[in-house]
Amino acid sequence: MQVVRLRVNGDERACGVPAHYTLLETLRYGLGLTGSKQGCDKGDCGACTVILDGRAVLSCLTLAREAEGRELRTVEGLAIGTEPHPVQDQFDLAGAAQCGFCTPGILCSSVALLERNPSPSREEVRAALAGNLCRCTGYEKIYDAVEAAARKMGQ
Amino acid sequence: MAVIRDMIPPFELYQPSGVEDAVRLVGEHGDQGWVLAGGLDTFDWLKDRIKRPAAVIDLGGVAELGGISETDDGGLEIGAMARLTAVAESGDVRSRFPLLAEAAGLVATPQIRNQGTLGGNIVQDTRCWYYRSGWPCYRAGGNVCYAGTSRSMNREHCILGASRCVAVNPSDTAPALVALDAEMTVANASGERTYAARDFFIGPEIDITRMTVLEPGDLLTRVRLPAPQPGARWYFEKIRDRKSWDFSLASVASVLHVDGDVVRDARIVVNGVAPYPVRSDAAEAVARGRAPDDETGQMAGEAAVQDARALRHNDYKIALMRNLVKRSVRDAA
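Note that this is a predicted model, so its numbers are computed, not measured. Each chain has its residues counted from 1, following the order in which its sequence is written. Chain letters start at A and ligand numbers start at 1, both assigned in the order the entries are written. This being a predicted model, a pLDDT of at least 70 is required before a residue's local features are given, and a value of 80 or more before pairs of side-chain atoms are given or counted; all residues contribute to the totals for chains, interfaces and linings. Side-chain measures here rest on the full set of heavy atoms in the structure, leaving out hydrogens and waters.

Q: Could you clarify how one ought to interpret the interface of chain B and chain A in this entry?
A: Think of interface size as the accessible area that goes away when the parts come together; that is how it is often given. Contacts are residue-level and defined by heavy atoms, with any inter-residue pair within 4.5 Å sufficient. Chain B puts 30 residues into the contact, and the matching count from chain A is 29 residues. Values labelled buried area give the accessible surface lost by two parts on being combined, using a 1.4 Å probe and summing over both. At the boundary of chain B with chain A, total buried surface from both sides reaches about 2300 Å², with 55% on carbon and sulfur atoms. When residues of chain B are sorted by the area they lose upon contact with chain A, Met7, Lys47 and Gln111 of chain B head the list and together hold 24% of the total. The term salt bridge refers to a side-chain nitrogen of Lys or Arg lying within 4 Å of a carboxyl oxygen of Asp or Glu. Summed over the shared surface of chain B and chain A, the number is four salt bridges. Linking Lys42 of chain A and Asp48 of chain B is a salt bridge whose minimum nitrogen-to-oxygen distance equals 3.1 Å. Any pair of N or O atoms that falls within 3.5 Å is considered a polar contact. Within protein, one atom must be able to donate a hydrogen and the other to accept it, and sequence-neighbouring residues count only if both atoms are side-chain atoms. Inspection of the region where chain B meets chain A yields 16 residue pairs in polar contact (both at pLDDT 80 or more). By the criteria applied, helices consist of DSSP H or I runs no shorter than four residues and strands consist of E runs no shorter than two, each listed in order from the N terminus. For the side of chain B that touches chain A, the secondary structure elements donating two or more residues are α2 (40-47), α3 (84-89) and α6 (110-115) of chain B. In terms of residue count, α6 of chain B provides more of the side of chain B that touches chain A than any other element does, five residues in total. Asp, Glu, Lys and Arg are counted as charged, while Ala, Val, Leu, Ile, Met, Phe, Trp, Tyr, Cys and Pro are counted as nonpolar; the rest, among them Gly, fall into the polar class. Taken together, the residues that form the side of chain B that touches chain A break down as 14 nonpolar, nine polar and seven charged.

Q: Whenever I open this one, the layout of surface pockets confuses me. Can you help?
A: A probe as big as a water molecule, rolled over the atoms, marks out the empty space that is left. Considering only enclosed or pocket space, the second largest pocket measures out at about 1200 Å³ in volume. If you trace the second largest pocket, you find 40 residues lining it, with Glu124, Ala127 and Ala128 of chain A together with Pro110 and Arg113 of chain B closest to the centre. Those elements giving two or more residues to the lining of the second largest pocket turn out to be β4 (55-58), α3 (103-116), α4 (122-128) and α5 (139-154) of chain A together with α3, α5 (98-105) and α6 of chain B. With five residues, α4 of chain A is the largest single contributor of residues to the lining of the second largest pocket. Here the lining of the second largest pocket is built from residues that sort into 18 nonpolar, nine polar and 13 charged. Cavity means a closed set of points on a 1 Å grid over the protein atoms alone, one where a 1.4 Å probe fits but cannot get out, pocket means an open set with protein on both sides within 12 Å along at least 5 of 7 lines, and lining means a residue has an atom within 4 Å of a point. Grid points are joined across faces, edges and corners, and a volume is the space filled by probe spheres set on the points.

Q: What exactly am I supposed to notice about helix α13 (residues 316-330) of chain B here?
A: Helical geometry: 3.6 residues make up each α-helical turn, so side chains three or four residues apart lie on a common side. All names here are of chain B. In a helix, the anticipated span is given by 1.5 Å times the number of residues less one. Here α13 contains 15 residues, and its C-alpha end-to-end distance of 21 Å stays within 8% of the 21 Å for a straight helix at 1.5 Å per residue. By the burial criterion, the buried members of α13 are Lys317, Ile318, Leu320, Met321, Leu324, Val325, Lys326, Ser328 and Val329. Contacts made by the buried residues of α13 are with β9 (233-239), β10 (250-259), β11 (262-271), α11 (281-287) and α12 (294-304). Here's how the labels work: a residue is buried when its accessible area is under 20% of the maximum for its type, exposed when over 50%, partly exposed in between, all with a 1.4 Å probe on protein chains only.

This is the structure:
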């Protein structure tokens, strides 16, 4: 057991986990941040996607110790104060979440996209979300929501 | 056989911050050690508990392996830990080696490219699903191939280069690097040595348990690309079951030097058809001295598959390879 120090959603957090714990296991079981989901746990589904140094990565295939000293954001940290992030707001308005299991990962991939590319084309949205599976298959409304959020953020 | 569990068994984790330390650790731990780069191939093996290393050496903190820099001769040197996104988006790579940028950009998903590395993509293990499921095949040190029998499910397996094992190399960037005549630098306790990309990948007739020249104690540190020749044409195409993302069924990478309307030199490399990226000397010989048109492409494609032999479920790969080679000659730009 070793102490892992993570900078999560702007907070310095520390917890004791074994060296072989993944970032996802550490977030969920060590820090109680259960927003990031454990789906396939093998890098296929994207439900565990978090934003590390501004890039969407898979927390199930990252060791917690690899994230030390880096800027980490999870779905819990996307809201701005008490206001939902524009992407979260548009997911709500567009009905882009069905069962909701894939939603935290898709929100993280979407936010990482919009921070680099504030007005993506439909094709760029689809490409950015290629690594996030929605088994309810509600992709069109998800793309609509990301596009609507881009328009809102550009206003 | 494989039982997927949700946690990785414990290991000792080492996180060196310099190349020297990394090489020393990799040497000390030998075949009990495991090199961790982006983690995509690694954690698949470790979570299935099929590979159980005692020590994991994480290269994530070795900053000097992550760079992309110009070389004295006008080429580029890319560290083994350069992320695939960085390779695909690098201005230097895009302007001088668009073939590699294209190949790196077609690997898997955005998340996987953000964490996956060029070195990891090159040295990743085969996807043969019998082997990955933990069956005790030749490649796993056993004495049988489960994929090559008349009753095997072998749609993804090889049509060339079989030698007891019929697995294929799954990398998208490997054929691009062979076509670009790249050079790999390998370090170990006794120093550094370099390999032409073509020789870096090995078949089962050389060692059935490895996909590359790397042995326990070795570390791939850098990839060097020689200066591009002005006017060279290139082509890359990856065929996969799903357009959104997948491993390739087959891919082709070619570099053509065309003078007037005649191919002076060509490097044509196909992956996903053999245990290593196949540079087709036969197709290149056909293309040389002829116009890079449909007819030459057709002839080159036929030449490329002359020795191909299908397994029960993969004869489509012969037609696929023939057509990929044809297009790589005809449509290189």
